[in-house]
Amino acid sequence: MNNKLFFAAAALLLVGCGPKTQSGAPQAAQEPQAEKVQLVSVITAAAEEVPQTSVYSSTVQANVVNNIAPQAGGRIQKLNVEIGDFVSKGQVLAEMDRVQLEQATLKLRNDETELERVRALLAQGGISQADFDQLELACKVSRSSYENLLENTVLRSPVSGVVTARNYDRGDMYAMAMPIYTVQQITPVKVLVAISETDYTRVKRGDKVTLTADALPGKTFTGTVNRLYPTMDAATHTFNVEVQVPNTRRELRPGMYARVTVNFGSSRSITVPDTAVSKMQGAGTRSVFVVGPDNKAELKVVTLGRHFDGKYEILSGLEEGDCVVVKGGSSLKAGQSVEIG
């Protein structure tokens, strides 16, 4: 009797562990679900000419910066221009005390008169050649001293440009601590661009570049590569390229933030829409999905080049003719069956 009760209890336990329907009755094992097919849009990878342009940030600089100051200290008698004034080459900007200059002028005139007098005596044999040569040398020294004092008393601008600093007032004693004026030539201006050393052989003097400034929205300027610096920066692995911009309207000013676009020509590469490229989780690599001949998604790691017009240049990882997924790839997994729509 006890054996019968034991077998009955075991039978009930087995029935309780089996799958049940909503009513509690056991049901048969479920069939495996069919694989989900993802609807995607694709394009055929093709090569095209890709413009090899790069944009660099820089700052506008004056082409020439001149500090206007006399050679020695002295009192400032006149100041003829102010900050912001545009001056021409050779224009008188300031004048120093003229006492020494006037003394040098008188001495030069006296020496020149004496030289002409003894020149006549030399022709008549009234003076030796050695004495004449000595007087002629003294006259040259006087002329040199006069010209030096004139240059350092009447201060002229060596370039055409704009006055950007005035550090003294009329009547001040110039003490050689700071220049009286600073004049910057802004027609033209220049920009130093730090370009990667990998592009060193692709830049040459005379190349044209375009430039924009944040302070002048909507305006584009054209410049010319004027000089290539011969050394590389060991820390950044870049070299400086000096770009000269005519700036005939004087719109660009020193200190403006600028963006310089350098065109390195073009190369033929595969391109795909940027919507096809995704960043792999946990890595810095980029990838795309392609559809294989069995209509299954394949994940390919790619190396990107330039980004332009909503497309990426693909340097490696794809071949011409690959069916690249451009829509429907956000939830796609490698090996998943797809339907091209």
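Our structure is the block above this text.
Here goes a summary of the coordinates provided. (Residues numbered from 1 in each chain as written. Predicted model: local features only at pLDDT ≥ 70, side-chain atom pairs only at ≥ 80, totals over all residues. Heavy atoms only, no water.)

Within the protein chain, the secondary structure is distributed over three helices and 19 strands. Counting the 341 residues in the protein chain, one finds 33% classified as buried. In the protein chain, 71% of the contacts between residues at least 6 apart in sequence involve partners at least 24 apart. Carbon and sulfur atoms form 52% of the exposed surface of the protein chain, whose accessible area is close to 20800 Å². (Helix = DSSP H or I, 4+ residues; strand = E, 2+ residues; numbered from the N terminus. Buried < 20%, exposed > 50% of the residue type's maximum accessible area, 1.4 Å probe, protein only. Contact = heavy atoms within 4.5 Å. Areas by Shrake-Rupley, 256 points an atom, 1.4 Å probe, with all protein chains shown as cover.)

On to the nonpolar core. Nonpolar side chains tend toward joint burial in soluble globular proteins. Core analysis: the largest hydrophobic core is formed by 25 residues, its most contacted members being I195, L211 and L252. Counting only elements with at least two residues in this core, the list comes to β2 (46-68), β9 (181-196), β10 (208-213), β11 (221-228), β12 (238-245) and β13 (257-273). The greatest single-element share of this core, amounting to five residues, is contributed by β9. Ignoring anything within four residues of it in the chain, the contact list for I195 reads Y56, V203, H237, T238, F239, V241, V262 and F264. (Core = buried A, V, L, I, M, F, W, Y, C linked by side-chain atoms within 4.5 Å.)

A word on helix α2 (residues 99-124). Taking 1.5 Å per residue as the helical rise, α2 with its 26 residues ought to reach 38 Å, and the 39 Å between its terminal C-alpha atoms agrees with that figure. Of the residues making up α2, those classed as buried are L101, A104, T105, L108, D111, L115 and V118. Summarising the contacts, the buried residues of α2 are in contact with α3 (129-153). Positive backbone phi, at 85 degrees, marks G125, one or two positions downstream of α2. (Expected span 1.5 Å × (residues − 1).)

On to unusual backbone geometry, then. Between T187 and P188 the backbone carries a cis peptide bond, its omega angle lying at 10 degrees. The backbone of H237 sits at a positive phi, close to 55 degrees, despite the residue not being glycine. Inspection of the secondary structure assignment puts H237 in the loop between β11 and β12. Unusually for a residue other than glycine, D309 sits at a positive phi of about 50 degrees. Relative to the helices and strands, D309 is located in the loop between β16 (297-308) and β17 (311-316). Note on D309: relative accessible area 71%, which makes it exposed.

Turning next to the environment of K279. Here K279 is to be found in strand β14 (residues 278-279). Distance in space between the C-alpha atoms of K279 and V301 is 9.5 Å, their sequence separation being 22 residues. Residues within four places of K279 in sequence aside, it is in contact with G284, T285 and R286.

Inspection of every chain in the model, using the stated rule, returns two aromatic pairs. A ring pair is formed by Y168 and Y174, whose centres lie 5.6 Å apart and whose planes are at 65 degrees; its orientation type is edge-to-face. We classify Y168 as buried; its relative accessible area is 9%. You can call Y174 buried: its relative accessible area is 7%. Here the aromatic rings of Y200 and F239 are separated by 4.8 Å at their centres, their planes lie at 80 degrees, and the arrangement is edge-to-face. Within this pair, whereas Y200 is found in the loop between β9 and β10, its partner F239 is found in strand β12, the two being separated by 39 residues in sequence. (Phe/Tyr/Trp six-rings, centres within 6.5 Å; stacked < 30°, edge-to-face > 60°.)

This next bit is on the pattern of salt bridges. When their charged atoms lie close together, side chains carrying opposite charge are able to pair. Enumeration over the complete set of coordinates arrives at 14 salt bridges. We note a salt bridge from R259 to D214, for which the minimum N-O separation is 2.5 Å. Here R259, found in strand β13, pairs with D214, found in the loop between β10 and β11; they are 45 residues apart in sequence, far enough to count as distant. The partner of E251 in a salt bridge is K219, and the shortest N-O contact between them spans 2.3 Å. Taken together, the positions of E251 in the loop between β12 and β13 and K219 in the loop between β10 and β11 put the pair 32 residues apart, joining distant regions of the chain. With a relative accessible area of 36%, K219 lands in the partly exposed category. (Salt bridge = Lys/Arg side-chain N within 4 Å of Asp/Glu carboxyl O.)

If you walk across this open sheet you meet the four strands as β6-β5-β3-β8, and the pairing is antiparallel. In this open sheet, the two edge strands, each paired with only one partner strand, are β6 (154-156) and β8 (173-174). By the bridge criterion, two bridges tie strand β3 (residues 74-79) to β8 in an arrangement that is antiparallel. Across the sheet, residue G74 finds its bridge partner in β8, namely Y174. (Pairing = 2+ DSSP bridges.)

Here β13 pairs with β17 via four bridges, running antiparallel. When the bridges of β17 are listed, I270 appears paired with I314. Two strands pair when backbone bridges link them, and β16 and β17 are joined in this way by four bridges, in the antiparallel orientation. Paired with T303 across the bridge in β17 is S316. Taking the residues between adjacent antiparallel strands as the criterion, β16 and β17 are bridged by two residues, where D309 takes a positive phi near 50 degrees.

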